[in-house]
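This is what each chain is made of:
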Amino acid sequence: MTPRARILLGADDLRAANRRLGREISDAHPDGVLLVAVLKGSVIFLADLVRELTVPVEIDFLGISSYAPDSGRVRLTKDLGTDLAGRDVVLVEDVVDTGLTLGYLLTQLRSRDPGSLGVCTLFDKRARRILPQPLDHVGFEIGDEFVVGYGLDFRGRYRNLDLVAAGDLHTLAADPDAYVADLYP
Ligand code: IMP
């Protein structure tokens, strides 16, 4: 039978990407940086990334919720506790897909007058972009497929996988447990 899911990235690939991104961000911000992560998908990525930084670093979190998929209409469910004025800020995203969510977030953050504002994303689904976005630090460019694991979810599940799996969304929806069984035979 054809596997429903395949392993796109293992723990070693993710570790190497975090090491590279940590170096890039440290080089770009020698005086320190504030990483702003977007709940919930970026949490596991952020936790590993932050330990690869060699400059002074603070973290904060934004919570968002979509009104409808691909609508670009999102709202803040949790705001930052940090004043961004004059700060060097890097927004940490899990996936930039259409770019609509990132567009909304950047508008929000720019209005708070940071000294600089960069973007780091684990995944760039460039082929699906509707709103072009400046990405300063990219873990992996991926194609038009749905990925789960390492913080990324499908209906709230799979965030705890220590790998990233890719597969067909309809197959995943039809039988979520069998999907995982394919990954850990
Ligand atoms: P955008 O507004 O279309 O760029 O959507 C970005 C958001 O959609 C990401 O922050 C994720 O929460 C979600 N997303 C997009 N693609 C995937 C995926 O393959 N797996 C899990 N979540 C995804």
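To keep things clear, this report deals only with the structure shown in the data block. (Residues numbered from 1 in each chain as written. Predicted model: local features only at pLDDT ≥ 70, side-chain atom pairs only at ≥ 80, totals over all residues. Heavy atoms only, no water.)

Observations concerning the environment of Val74
Along the chain, the position of Val74 falls in strand β4 (residues 74-78). Remark: the alpha-carbon pair of Val74 and Thr101, spanning 27 residues in sequence, is separated by 6.7 Å. Ignoring sequence-local partners within four residues, the contact set of Val74 consists of Ser65, Ser66, Tyr67, Thr101 and Tyr104. (Helix = DSSP H or I, 4+ residues; strand = E, 2+ residues; numbered from the N terminus. Contact = heavy atoms within 4.5 Å.)

Section: the site of the ligand
In the vicinity of the ligand there are 15 residues, among which Asp94, Thr98, Thr101, Lys125 and Val147 approach most closely. Here Val95 contributes a backbone N or O atom positioned 3.5 Å from an oxygen atom of the ligand. Val147 has a polar backbone atom sitting 2.7 Å from a nitrogen atom of the ligand. Protein chains shield 82% of the accessible area of the ligand, which is 490 Å² for the free molecule. (Near = heavy atom within 4 Å. Polar contact = N/O pair within 3.5 Å; in protein donor to acceptor, adjacent residues only side chain to side chain. Areas by Shrake-Rupley, 256 points an atom, 1.4 Å probe, with all protein chains shown as cover.)

A closer look at the sheet that holds strand β1 (residues 5-9)
Spatially, 3 strands are ordered β1-β9-β8 in an open sheet, and the strand pairing comes out antiparallel. In this open sheet, the two strands that pair with only one neighbour each are β1 and β8 (146-148). Pairs of neighbouring strands in the sheet enclose a mean axial angle of 35°, with direction left out of account. Its contacts with the sheet place helix α5 (residues 176-183) against β1, β8 and β9 (164-167), and it is angled at close to 55° to β1. (Pairing = 2+ DSSP bridges. Axes fitted to C-alpha atoms, helices over the stretch in contact; angles between N-to-C directions.)

Focus on the sheet that holds strand β2 (residues 33-39)
One open sheet holds the 6 strands; their spatial order is β4-β3-β2-β5-β6-β7, and the pairing between them is mixed. What marks the edges here is a single partner per strand, and that holds for β4 and β7 (137-141). In this sheet, adjacent strand axes meet at a mean angle of 30° when their direction is disregarded. As judged from the 7 bridges shared by β2 and strand β3 (residues 57-66), these two strands associate in the parallel manner.

What to know about helix α2 (residues 43-50)
Buried within α2 are the following residues: Phe45, Leu46 and Leu49. For α2, the angular spread of buried residues about the axis comes to 95°, placing them on one side. Of the surrounding elements, those touching the buried residues of α2 are α1 (11-28), β2, β3, β5 (88-96) and β6 (116-124). (Buried < 20%, exposed > 50% of the residue type's maximum accessible area, 1.4 Å probe, protein only. Arc of directions from axis to C-beta.)

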